[in-house]
Amino acid sequence: MASTSNSEPTHPVVFTTQTAYPLPSQKFMIPASWKRYQLSQLVNKALSLPQPIPFEFLVQGEILRGTLAEWCAEKGIGEEETLEVEYFESVMPPQRMSSLPHEDWVSSISCQLPGYFLTASYDGALRIFDHSQNLLQTIPAHSAPATAACIVPVSSAPAETFLVASASHDLTARLTRVDLSDPAHPHTAPIASLHLHTAPVSSVAVATSAAHVLTASWDGLIGVWDTSVPETDEVPLEDIVSAGDRKKRRRVAEEEGAARGKRKVPVGVLKSHTGRVSRVVFGRGAGADAGRRAYSAGMDSTVRTWDVENGVCTSTITAANKPFLDLALTQTGTGALAASTDRTVAQYDMRAASASSSAAAVASLAHPATPSCVAVPEGGAHEHLVVTGAYDGAVRVWDLRSTKGAVASFRAWEGKGGGKVLSVDWARGIVGVGGEGGVEVWKVGEGGVGRV
């Protein structure tokens, strides 16, 4: 490598960035012994930033984790070759903010409603908390463990009034109306139960337009539902309870009428999976096309793309011995992140998927224990980041530009016995973690001041 007057080896570097803090386009001679900290100091001093901002550095698609000399030696880069180094704001160390007590395991948490948390629990109940940890409402939605829940906005109502779609081992999904306009006296009312599946319902998702809901089940089927409420039941009670059990039928009828709303049938059924469907999601985006596309992952080791409007599977990615437990789309909507029992989260390019494909993963996030859940931050921020939760109780933050290791991690319920993580969600810098230990809320985000 080139040397300075004091014989310390240096390397030519050109810096690039997509942040709001660009350096002038020029070549820097950087000491080969420098690591992230010294490079971050250089950027801050060169820009004369009023408050120090920590940066990470990406060299040929990898985050720099050692010295420049070590990286060049590993890659066989010559001393005269100019390196193009991209810098971006660091992920600040996660900070635990609070916990939300639950008496049973929490299978799902949503941070999507500003100011509130929505949880689904193994006791069959849905719960709504505010950010001050106050339990506002407990909704006894299901007679068996609840597996998933999501917010369904109501376009004609204020933001404090919305629907909750939930799924359960009781073979149904439910729509519940929630009114939080008076937080001291919240009101909830069940409006519909969704009947299709013959096995536990594992997942529920809502389209951006809020006009349709998807359910996925261990029976291999995906149900397509509208969010309207029928005037009369669309499913006869006899289809739910056998005719011979009159006493049970009478009891169920009373419960259904008083507490379950109208019974609905799906407007469509998506059939292609050959095993349990673990997760289904709508496509991303604000346009109408987002609501016409859906993606699913299952225990049959496939990730499938669906034309919801026509009810057909348009492409299938088949992985070898990778039963999938969860699925999330990247912010662009072109990539899928699938958590598998083989202790990896695989990233697939859905644009390369064909009618039947064994496409290799674009990247693989290796975990020491089975990753059970994966989430991508909402709102357009942190577009390269993803958070995963695993059965070892760890939550890890990854940068998809460099996937050799997590950029940050923490353990949920540390000091309280730990437990498996079953659900994660990320919105507005807040990560909610649900699992065997209940719920913890952590602050996780890019950038910050005061630490280079």
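Residues numbered from 1 in each chain as written. Predicted model: local features only at pLDDT ≥ 70, side-chain atom pairs only at ≥ 80, totals over all residues. Heavy atoms only, no water.

1. Details of the state of the cysteines
Applying the stated criterion to the full structure yields 0 disulfides. Between Cys-373, a cysteine without a disulfide, and Cys-111, which holds the nearest cysteine sulfur, the sulfur-to-sulfur distance is 12 Å. The class for Cys-373 is buried, based on a relative accessible area of 2%. (Disulfide = S-S within 2.5 Å. Buried < 20%, exposed > 50% of the residue type's maximum accessible area, 1.4 Å probe, protein only.)

2. Notes on the pairing of strand 16 (residues 201–206)
Summarising burial for strand 16: 5 of the 6 residues are buried, a large majority. Of the pairings in the sheet, the one linking strand 16 to strand 17 (residues 212–217) comprises 5 bridges and is antiparallel in character. Along strand 17, the bridge assignment pairs Val-204 with Thr-215. The hairpin turn running from strand 16 into strand 17, its antiparallel successor, is 5 residues long, and Ala-210 in that turn takes a positive phi close to 65°. (Helix = DSSP H or I, 4+ residues; strand = E, 2+ residues; numbered from the N terminus. Pairing = 2+ DSSP bridges.)

3. Regarding the sheet that holds strand 9 (residues 116–121)
Strand order in the open sheet formed by 4 strands is 8-9-10-11, with antiparallel pairing between adjacent strands. Where the open sheet ends on each side, the last strands, each with one partner, are strand 8 (106–110) and strand 11 (135–139). Direction aside, the axes of adjacent strands within the sheet are offset by 20° on average. Sheet topology note: the strand 9/strand 10 (residues 126–130) ladder contains 5 bridges and is antiparallel. Its bridge partner being in strand 10, Ala-120 is matched across the sheet by Leu-126. (Axes fitted to C-alpha atoms, helices over the stretch in contact; angles between N-to-C directions.)

4. Here we look at the pattern of salt bridges
Counted according to the given criterion, the structure contains 18 salt bridges. In this structure, Arg-304 engages Asp-300 in a salt bridge whose closest nitrogen and oxygen atoms are separated by 3.5 Å. The class of Asp-300 is buried, set by a relative accessible area of 15%. Three or more residues are tied together by salt bridges with common partners; here these are Glu-62, Glu-74, Lys-75 and Lys-404. (Salt bridge = Lys/Arg side-chain N within 4 Å of Asp/Glu carboxyl O.)

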